[in-house]
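Okay, here's what each chain looks like letter by letter:
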Amino acid sequence: MNSDELSKLYQGLLDGNRIWVEAKLKENPDFFKDLALSQDPPVLWIGCSDSRVPANEITNTKPGQVFVHRNIANMVVHTDINLLSVIDYATSVLRVKHIIVCGHYNCGGINAALSNTHFGLIDNWLRNIKDVYRLHQAELDAITDPEGRSRRLVELNVIEQVHNLSKTSAVQNSWDINKPLMIHGWVYDVGNGIIKDLKVSMKNNKDVPDIYKFNF
Ligand code: CO
């Protein structure tokens, strides 16, 4: 890519913004006036950074409706202060009603974790996915088709991240004081746009193993 193409690509983003603003104002002249007042999103989305999985677009929601956190392979890592801050703010201040962990098939992070390639710094992040593999090794080893194994690890990883979410003190505290809060696991199929609900939703700490339960 030469420097002309580089600036064109960059300018295209700003031009795109102006086109979007015009379209929004045409739909609703008060669009930005309303949004500028505050946000009251009922949903926290924890998704993959993959550019093909934009939270608002694939759920047909608007700005203001989904509070979003994204990282490589939609992980809920209990020492990640960035994610923990997002969860804390979303539950205690925004009082979201649903937290959704959304993975997606053909996830580069999952496929990288399935390999033995050394990528650099990210190896340490992918370690968390390798741990999920180890927890479900018998099931995953039995799948001989590499794509099938990758798809299943995507699903199992989402399920483990929902469990990780249920172990956070922010989520458990919300349940303890009877705030309505459900957590869910989804997988998005980049091949057809369809979201699959993995049906691992939780709305209290009933299924949290005792060792992870907090007495508030
Ligand atoms: Co991904």
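If you're wondering where the values come from, they're calculated on a predicted model, not measured in any experiment.

1. Some words on the layout of surface pockets
Logical step 1: In this structure, the largest pocket spans a volume of roughly 440 Å³.
Logical step 2: Along its surface, the largest pocket is lined by 18 residues, and V76, V77, H78, N164 and K167 are the ones closest to its centre.
Logical step 3: Of all the elements in the fold, those that place two or more residues in the lining of the largest pocket are α6 (122-135) and α8 (146-166).
Logical step 4: Ranked by the residues each element gives to the lining of the largest pocket, the list is headed by α6, at five residues.
Logical step 5: Within the lining of the largest pocket, the residues separate by chemical class into seven nonpolar, seven polar and four charged.

2. Section: the environment of L135
Logical step 1: Structurally, L135 is set in helix α6.
Logical step 2: Considering only alpha carbons, one finds L135 and N71, 64 residues apart in sequence, at a separation of 22 Å.

3. A few points about the coordination of the cobalt ion
Logical step 1: Summarising the metal site, the cobalt ion is bound by the protein donors C48 (SG), H104 (NE2) and C107 (SG), whose distances to it range over 2.0 to 2.3 Å.
Logical step 2: Each donor residue of the cobalt ion lies on one chain, and together they are spaced C-x55-H-x2-C. Taken together, the residues span a long stretch of sequence, with C48 in strand β1 (residues 43-48) and C107 in the loop between β3 (98-104) and α5 (108-114) at a distance of 59 residues.
Logical step 3: Judged by its relative accessible area of 5%, C48 falls in the buried class.

4. Overview of α6
Logical step 1: If you check α6, its first and last C-alpha atoms are 21 Å apart, about what 14 residues at 1.5 Å a residue would give, namely 20 Å.
Logical step 2: Along its length, α6 reaches its greatest deviation from straightness, about 30°, at N128.
Logical step 3: For α6, every residue scored as buried is listed here: L126, I129, V132 and Y133.
Logical step 4: Along its buried surface, α6 packs onto α5, α7 (137-141) and α8.

5. Structural notes on unusual backbone geometry
Logical step 1: One non-glycine residue, N74, lies in positive phi territory at about 45°.
Logical step 2: Looking at the element boundaries, N74 is found in the loop between β2 (66-71) and α4 (81-92).
Logical step 3: Among the residues examined, N74 registers a relative accessible area of 3% and is labelled buried.
Logical step 4: One non-glycine residue, R95, lies in positive phi territory at about 55°.
Logical step 5: Here R95 is to be found in the loop between α4 and β3.

6. Notes on the side chain of H69
Logical step 1: Topologically, H69 is positioned in strand β2.
Logical step 2: Owing to a relative accessible area of 6%, H69 belongs among the buried residues under this scheme.
Logical step 3: Other than its neighbours up to four places away in sequence, H69 contacts L44, W45, I46, G47, D80, N82, L83 and V86.

How each quantity is defined
- All residue numbers here refer to positions counted from 1 along the written sequence of the relevant chain.
- Owing to the predicted nature of the model, reporting of local features is limited to residues with pLDDT of at least 70; listing and counting of side-chain atom pairs is limited to 80 or more, with chain, interface and lining totals taken over all residues.
- Each side-chain value is worked out from all heavy atoms of the structure, with water and hydrogens disregarded.
- Space inside and on the surface of the protein is sampled on a 1 Å grid over the protein atoms alone, with a cavity defined as a set of points where a 1.4 Å probe fits but cannot get out and a pocket as an open set with protein on both sides within 12 Å along at least 5 of 7 lines; lining residues have an atom within 4 Å of a point.
- Grid points are joined across faces, edges and corners, and a volume is the space filled by probe spheres set on the points.
- Helix numbering and strand numbering both begin at the N terminus, where a helix is a DSSP run of H or I of at least 4 residues and a strand a DSSP run of E of at least 2.
- Classification convention: Asp, Glu, Lys, Arg as charged; Ala, Val, Leu, Ile, Met, Phe, Trp, Tyr, Cys, Pro as nonpolar; all other residues, Gly among them, as polar.
- Metal coordination here is assigned from N, O and S atoms located within 2.8 Å of the ion, or within 3.2 Å for Na, K and Ca; omission of water means that sites may look incomplete.
- Burial classes follow relative accessibility: with a 1.4 Å probe on protein chains only, a residue under 20% of its type's maximum area counts as buried, one over 50% as exposed, and anything between as partly exposed.
- How far a helix is expected to stretch is found by multiplying one less than its residue total by 1.5 Å.
- Two axes are fitted around each residue, one to the seven residues ending there and one to the seven starting there, and the angle between them is reported as the bend at that residue.
- Throughout, a residue-residue contact means that at least one pair of heavy atoms, one from each residue, lies within 4.5 Å.

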